Amino acid sequence: MDFGRLLASIVLIVCCFACFGAALSPASSLQHVECVALISSGRAGTTKLVSDIGSMDETFVINEPFREAVGLRFSENAEELVPPYKDLFSCEAYRTMPEHVLWGYPCKFTPQFHNASAECINDPEGFGRNTAYEECKRKRIRIVKTIRFFWFSELEFPQECTSQKIIHNIRHPWPLGLSIFKIGWGVHLKDVETEEDVKHTLVVQIKTRCELVMDEFEAIWKYTSEHNNVQLLNIAHVEDRTDHAGTELVFDFVFRDHDIALPKQIVDNEHMEFDKRLIEEEKRHFADFAYKGEKLLEELDADDLIEAERAVLSDNVCYALTKLYSHIVASQKLKKGEL
């Protein structure tokens, strides 16, 4: 064999090995990556929804990555401590962000890590830099769930996201507000003592939530109107736990290009082991609030609650949000063939 043919053979072998290595690389083996921003108000059922979606082999869920950054919003280096959406979807955040920012909450509530949450919490640097990044890169569907859409970072999808989607989940403002008040989440209950105090605080709290959700609607509408390639699904959380219309729409929206059906155990409302652990984790997470709000609400009689509800729904913003909610619920039923 002459030298030229030998050199050509060596080059060919090297190229073959390079191609083989690239084929095995988790970052380059995916030709189609679907990125989904799941946006919701708190106490609207998305933790369970994330558990359902995250139980699928094709998905990687990044659950509330901004939660630990709440207290950092006004610090001088806030921008450095908040993971950009594009870095979350590209998985780069797992290699670049401080562990305490990214891992405080996701360690406990991300489905992929429920068997390794202790390792995730005790050794976040080793776990986050290796396991999470590699796992994320292998998945063709990546979902970032947040209840703080526009507080921290502008939504931006990286180029590798060939499919870009937004799911916006809302709940009726009255049960949403009651749920938040019960756990004392974001509510100043220290000086709330009398029944009038309770009613006033409850009404103000829910009106504030209505304004936040409507601002979110406006921000999402503006974003999707400026980015025609981004698909949007609005869904409504209903109080009937046997109604899976919203969950079915989400699964169709996320998995329609992957020929994946909604699992039977979710339709039958069977809680997986992780769901049970997740519920217990949430109870412990909110234990510090001592559920003072729930105790205060129990002291109100039915007439007081009715009066408070009327005050909420007579507010222009809450009324408009209620109408939007009802429209989305009707749309869900229509798509499911119930209307």
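About the cut-offs
Residues numbered from 1 in each chain as written. Predicted model: local features only at pLDDT ≥ 70, side-chain atom pairs only at ≥ 80, totals over all residues. Heavy atoms only, no water. Helix = DSSP H or I, 4+ residues; strand = E, 2+ residues; numbered from the N terminus. Buried < 20%, exposed > 50% of the residue type's maximum accessible area, 1.4 Å probe, protein only. Contact = heavy atoms within 4.5 Å. Areas by Shrake-Rupley, 256 points an atom, 1.4 Å probe, with all protein chains shown as cover. Pairing = 2+ DSSP bridges. Disulfide = S-S within 2.5 Å. Patch = residues over 30% accessible without salt bridge, like charges linked within 9 Å, V, L, I, M, F, W, Y side chains within 5 Å. Salt bridge = Lys/Arg side-chain N within 4 Å of Asp/Glu carboxyl O. Lys, Arg positive; Asp, Glu negative; His and termini not counted. Charge placed at Lys NZ, Arg CZ, Asp CG, Glu CD. Phe/Tyr/Trp six-rings, centres within 6.5 Å; stacked < 30°, edge-to-face > 60°. Lys NZ or Arg CZ within 6 Å of the ring centre and 35° of its normal. Axes fitted to C-alpha atoms, helices over the stretch in contact; angles between N-to-C directions. Parallel < 35°, antiparallel > 145°, perpendicular 65-115°, else oblique. Left-handed = near helix turned anticlockwise from the far one by under 90°. Expected span 1.5 Å × (residues − 1). Arc of directions from axis to C-beta. Polar contact = N/O pair within 3.5 Å; in protein donor to acceptor, adjacent residues only side chain to side chain.

S.K.: Give a detailed account of the overall build of the chain, specifying residues and quantitative values.
M.R.: Assigned secondary structure in the chain consists of 17 helices and five strands. Sorting the 339 residues of the chain into buried and exposed places 47% on the buried side. The long-range fraction of contacts in the chain, counting pairs at least 24 apart against all pairs at least 6 apart in sequence, stands at 80%. As displayed, the chain offers around 17600 Å² of accessible surface, 52% of which is attributable to carbon and sulfur atoms.

S.K.: Describe the environment of V204, and please don't skip the residues or the numbers.
M.R.: Along the chain, V204 falls in helix 11 (residues 195–226). By relative accessible area, V204 is classed as partly exposed at 39%. The spatial distance from the C-alpha of V204 to the C-alpha of A308 is 9.8 Å, given a sequence separation of 104 residues.

S.K.: Give me the pairing of strand 2 (residues 59–63): which residues, what numbers.
M.R.: Most of strand 2 is tucked away: five of the five residues are buried. Of the two faces of strand 2, the one holding T59, V61 and N63 and the one holding F60 and I62 are both buried throughout.

S.K.: Provide a residue-level description of the pairing of strand 3 (residues 141–146), including the pertinent values.
M.R.: Buried residues dominate strand 3, accounting for six of its six residues. Both faces of strand 3 are covered, namely the face carrying I141, I143 and K145 and the face carrying R142, V144 and T146. Direction of pairing for strand 1 (residues 33–40) relative to strand 3: parallel, over a ladder of six bridges. Within the sheet, the bridge partner assigned to L38 lies in strand 3 and is K145. Relative to strand 3, strand 2 runs parallel, the two sharing five bridges. Within the sheet, the bridge partner assigned to F60 lies in strand 3 and is R142.

S.K.: Which residues make up the state of the cysteines, and what are the values?
M.R.: If you walk through the whole model with that rule in mind, you get three disulfides. A sulfur-sulfur distance of 2.0 Å marks the disulfide that ties C91 to C136. A torsion of -75° about the S-S bond marks the disulfide between C91 and C136 as left-handed. With C91 in the loop between helix 4 (85–89) and helix 5 (93–96) and C136 in helix 9 (residues 124–138), this residue pair connects regions lying 45 residues apart in the sequence. Given the relative accessible area of 0%, C91 is considered buried. Between C210 and C318 runs a disulfide, and the two sulfur atoms are separated by 2.2 Å. Judged by the torsion about the S-S bond (110°), the C210/C318 disulfide is right-handed.

S.K.: Explain a negative patch on the surface to me, using residue names and the numbers behind them.
M.R.: On the surface, E195, E294, E298, E299, D301 and D303 cluster together into a patch of negative charge. Considering the arrangement of structural elements, one finds E299 in the loop between helix 15 (292–298) and helix 16 (302–313). What makes E299 exposed here is its relative accessible area of 52%.

S.K.: Before we move on, could you go through the side chain of D304 and cite the residues and values that matter?
M.R.: Mapped onto the elements, D304 comes out in helix 16. Given a relative accessible area of 10%, D304 falls into the buried group. Once you skip the residues sitting within four places of it in the chain, D304 turns out to touch E195 and K199.

S.K.: Help me get a handle on the packing of aromatic side chains, residues and values and all.
M.R.: Scanning the entire structure with this criterion turns up two aromatic pairs. Taking the centre distance of 5.1 Å and the plane angle of 40° together, the rings of F251 and F255 count as tilted. Within this pair, F251 and its partner F255 are both found in helix 12 (residues 245–255), separated by four residues, close to a single helical turn. The exposure classification of F251 matches that of F255, with both residues buried. When the ring centre of F253 is taken as origin, the NZ or CZ atom of K165, which lies over that ring, is 5.0 Å away.

S.K.: I'd like a rundown of the packing of helix 11 against helix 17 (residues 316–336), residues and numbers included.
M.R.: Helices that pack against each other are described as a pair by the angle of their axes relative to one another and the distance between those axes. Two elements in contact, helix 11 and helix 17, have axes whose closest approach is 9 Å; the angle formed by their N-to-C orientations is 60°. It follows from the interaxial angle that helix 11 and helix 17 lie oblique. Judged by the twist between their axes, the crossing of helix 11 over helix 17 is left-handed. In this structure, helix 11 contributes I206, K207, C210, E211, V213, M214 and F217 to the contact, and helix 17 contributes V317, C318, A320, L321, L324 and I328.

S.K.: I'd love a proper account of helix 16, names of residues and values included.
M.R.: If you check helix 16, its first and last C-alpha atoms are 17 Å apart, about what 12 residues at 1.5 Å a residue would give, namely 16 Å. All buried positions along helix 16 are accounted for by D304, A308 and V312. The buried residues of helix 16 occupy an angular sector of 75° when the element is viewed end-on, so they sit on one face. Turned more than 90 degrees from where helix 16 packs its buried face, A302, D303 and R310 sit exposed. Residues of helix 16 that are buried in the fold lie against helix 10 (173–183), helix 11 and helix 17. Two or three places before D303, at the opening of helix 16, D301 has a side-chain oxygen 3.2 Å from that residue's backbone nitrogen.

S.K.: Now, about unusual backbone geometry: what can you tell me, with residues and values included?
M.R.: Positive phi, normally seen in glycine, also occurs at E64, with a value near 50°. Relative to the helices and strands, E64 resides in the loop between strand 2 and helix 3 (78–81). Although it is not a glycine, C91 sits at a positive phi angle of roughly 80°.

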